[in-house]
Amino acid sequence: MSLKAVLFDMDGVIVDTEPLHRKAYFKTFNQLGIDVSEELYTSLTGASTKRVCDTLIDTFSLSQTYEEIAAIKRAHFKDYFYNDHEFDLISGVRELIQHYYENGVTLILASSATMTTINMVFEKFELEKYFSGKISGADLKESKPHPEIFIKAAEMANESIDNCMVIEDSTNGILAAHRAEIFCSAYKSFHTHNQDYSLANMVVSDYSDLEIDKISTYFK
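Cut-offs and rules
Residues numbered from 1 in each chain as written. Predicted model: local features only at pLDDT ≥ 70, side-chain atom pairs only at ≥ 80, totals over all residues. Heavy atoms only, no water. Helix = DSSP H or I, 4+ residues; strand = E, 2+ residues; numbered from the N terminus. Rg over C-alpha atoms; globule rule 2.2 N^0.38 Å. Buried < 20%, exposed > 50% of the residue type's maximum accessible area, 1.4 Å probe, protein only. Contact = heavy atoms within 4.5 Å. Areas by Shrake-Rupley, 256 points an atom, 1.4 Å probe, with all protein chains shown as cover. Lys, Arg positive; Asp, Glu negative; His and termini not counted. Charge placed at Lys NZ, Arg CZ, Asp CG, Glu CD. Expected span 1.5 Å × (residues − 1). Arc of directions from axis to C-beta. Pairing = 2+ DSSP bridges. Axes fitted to C-alpha atoms, helices over the stretch in contact; angles between N-to-C directions. Right-handed = clockwise from strand over helix to strand, strands pointing away.

### A closer look at the overall build of the protein
Turning to step 1, where the next piece is worked out: Helix and strand counts for the protein come out as eight helices and six strands.
Turning to step 2, where the next piece is worked out: Starting at the N terminus and ending at the C terminus, the protein contains elements arranged as β-α-α-α-α-α-β-α-β-α-β-α-β-β.
Turning to step 3, where the next piece is worked out: Against the compact-globule benchmark of 17 Å for 220 residues, the protein has a radius of gyration of 17 Å, which places it among compact chains.
Turning to step 4, where the next piece is worked out: Across its three principal directions, the C-alpha atoms of the protein cover 55 × 35 × 30 Å.
Turning to step 5, where the next piece is worked out: Looking at the protein as a whole, 52% of its 220 residues qualify as buried.
Turning to step 6, where the next piece is worked out: Here the analysis covers contacts within the protein between residues at least 6 apart in sequence; of these, 65% occur between residues at least 24 apart.
Turning to step 7, where the next piece is worked out: Of the accessible surface of the protein, which amounts to about 10,700 Å², a share of 47% is contributed by carbon and sulfur atoms.
Turning to step 8, where the next piece is worked out: Computed over 20 positive and 34 negative side-chain charges, the separation of the two mean positions in the protein equals 2 Å.

Written out as structure tokens, the structure is:
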């Protein structure tokens, strides 16, 4: 085992778009005239837009299609993405990405976000050059906690799962990494609430703790 590839989740790991999604979703709920509880919203953290929309349609017997709801939400999200001044990369993540890149570690993005959102983030923060590949869960049959996305990410990196590490922050993502049998580091920030880290191999709150020399005991 040696660390050859790092499979990054995006939301809550590279950027915290969660507050933007939250604002966009609640604006959408208002527009649809539905009252979504905190409990229901939290249970959908890390799920694809399609799964969220399908759940809303089922729960509230909505007449709108998934596409119609997704379009409303997307418009609100885009507005916040470019105009919300608090939106930035998570502290320390750019340095960590550069650190892996300079040490020859292959980086793959494996996110439940749509490829449109992934590309928006990569363009805004100039991350493209560091990553060898990107996978959107929205393009896959199964979404996290199903392991498909991380199995595909390891294949994209052209590495065996033993030489890969996943960086995740959500219950569903950690469970997906666990099911894929890939070493998982959970990033716990002060933004993170109600997520279960029990299946992660390690939990960090500071990205410098994931530098190669500091995790070398796990990857001999």
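### Thoughts on helix α1 (residues 18-32)
Turning to step 1, where the next piece is worked out: With 15 residues, α1 ought to run about 21 Å at 1.5 Å a step, and its terminal C-alpha atoms sit 20 Å apart, in line with that.
Turning to step 2, where the next piece is worked out: For α1, the complete set of buried residues consists of L20, H21, A24, Y25, T28, F29 and L32. Down the axis of α1, the buried side of the element spans an arc of 165°, and every buried residue falls inside it.
Turning to step 3, where the next piece is worked out: Against α2 (38-43), α3 (49-60) and α4 (66-83) lie the buried residues of α1.
Turning to step 4, where the next piece is worked out: Just past α1, the residue G33 takes up positive phi, approximately 70°.

### Side note on the sheet that holds strand β6 (residues 202-204)
Turning to step 1, where the next piece is worked out: On the basis of which strands lie adjacent, the open sheet formed by six strands has the order β3-β2-β1-β4-β5-β6 and parallel pairing. Strands at the two margins of the open sheet, each flanked by one partner only, are β3 (133-136) and β6. Direction aside, the axes of adjacent strands within the sheet are offset by 20° on average.
Turning to step 2, where the next piece is worked out: In terms of strand pairing, strand β4 (residues 164-168) meets strand β5 (residues 183-187) through four bridges, oriented parallel. In the sheet register, E168 faces β5, and the bridge partner there is A186.
Turning to step 3, where the next piece is worked out: Taken strand by strand, helix α5 (residues 93-102) contacts β1 (5-8), β2 (106-111) and β4, and its axis lies near 150° from that of β1.

### Quick word on the environment of F60
Turning to step 1, where the next piece is worked out: As for its position among the elements, F60 is in helix α3.
Turning to step 2, where the next piece is worked out: A C-alpha to C-alpha distance of 9.9 Å links F60 and G33, two positions 27 residues apart in sequence.
Turning to step 3, where the next piece is worked out: Sequence-distant contacts of F60, defined by excluding residues within four places in its chain, comprise I34, D35, V36 and L40.

### Here we look at the environment of D16
Turning to step 1, where the next piece is worked out: Along the polypeptide, D16 turns up in the loop between β1 and α1.
Turning to step 2, where the next piece is worked out: By relative accessible area, which is 14% here, D16 ends up buried.
Turning to step 3, where the next piece is worked out: Here the alpha-carbon distance between D16 and D213, two residues 197 residues apart in the chain, equals 27 Å.

### Here's the deal with helix α7 (residues 148-157)
Turning to step 1, where the next piece is worked out: Listed in full, the buried residues belonging to α7 are E148, I149, F150, A153, A154 and A157.
Turning to step 2, where the next piece is worked out: Considering only its buried residues, α7 is in contact with β1, β2, β3, β4 and α8 (171-179).
Turning to step 3, where the next piece is worked out: Phi turns positive one or two residues past the end of α7, at N158, with a value near 65°.

### Considerations on the pairing of β1
Turning to step 1, where the next piece is worked out: Burial along β1 is two-sided: A5 and L7 and V6 and F8, pointing in opposite directions, are all buried.
Turning to step 2, where the next piece is worked out: Relative to β2, β1 runs parallel, the two sharing four bridges. If you follow A5 over to β2, its bridge partner there is T106.
Turning to step 3, where the next piece is worked out: Where β1 lies against β4, four bridges are found, and the strand directions are parallel. Counterpart to L7 in the pairing with β4 is V166.

### Looking at the pairing of β4
Turning to step 1, where the next piece is worked out: The element β4 is largely enclosed, with a buried count of five among its five residues.
Turning to step 2, where the next piece is worked out: The side-chain alternation of β4 yields two buried faces, one formed by C164, V166 and E168 and the other by M165 and I167.
Turning to step 3, where the next piece is worked out: Note that the unit made of β4, α8 and β5 has a crossover that is right-handed.

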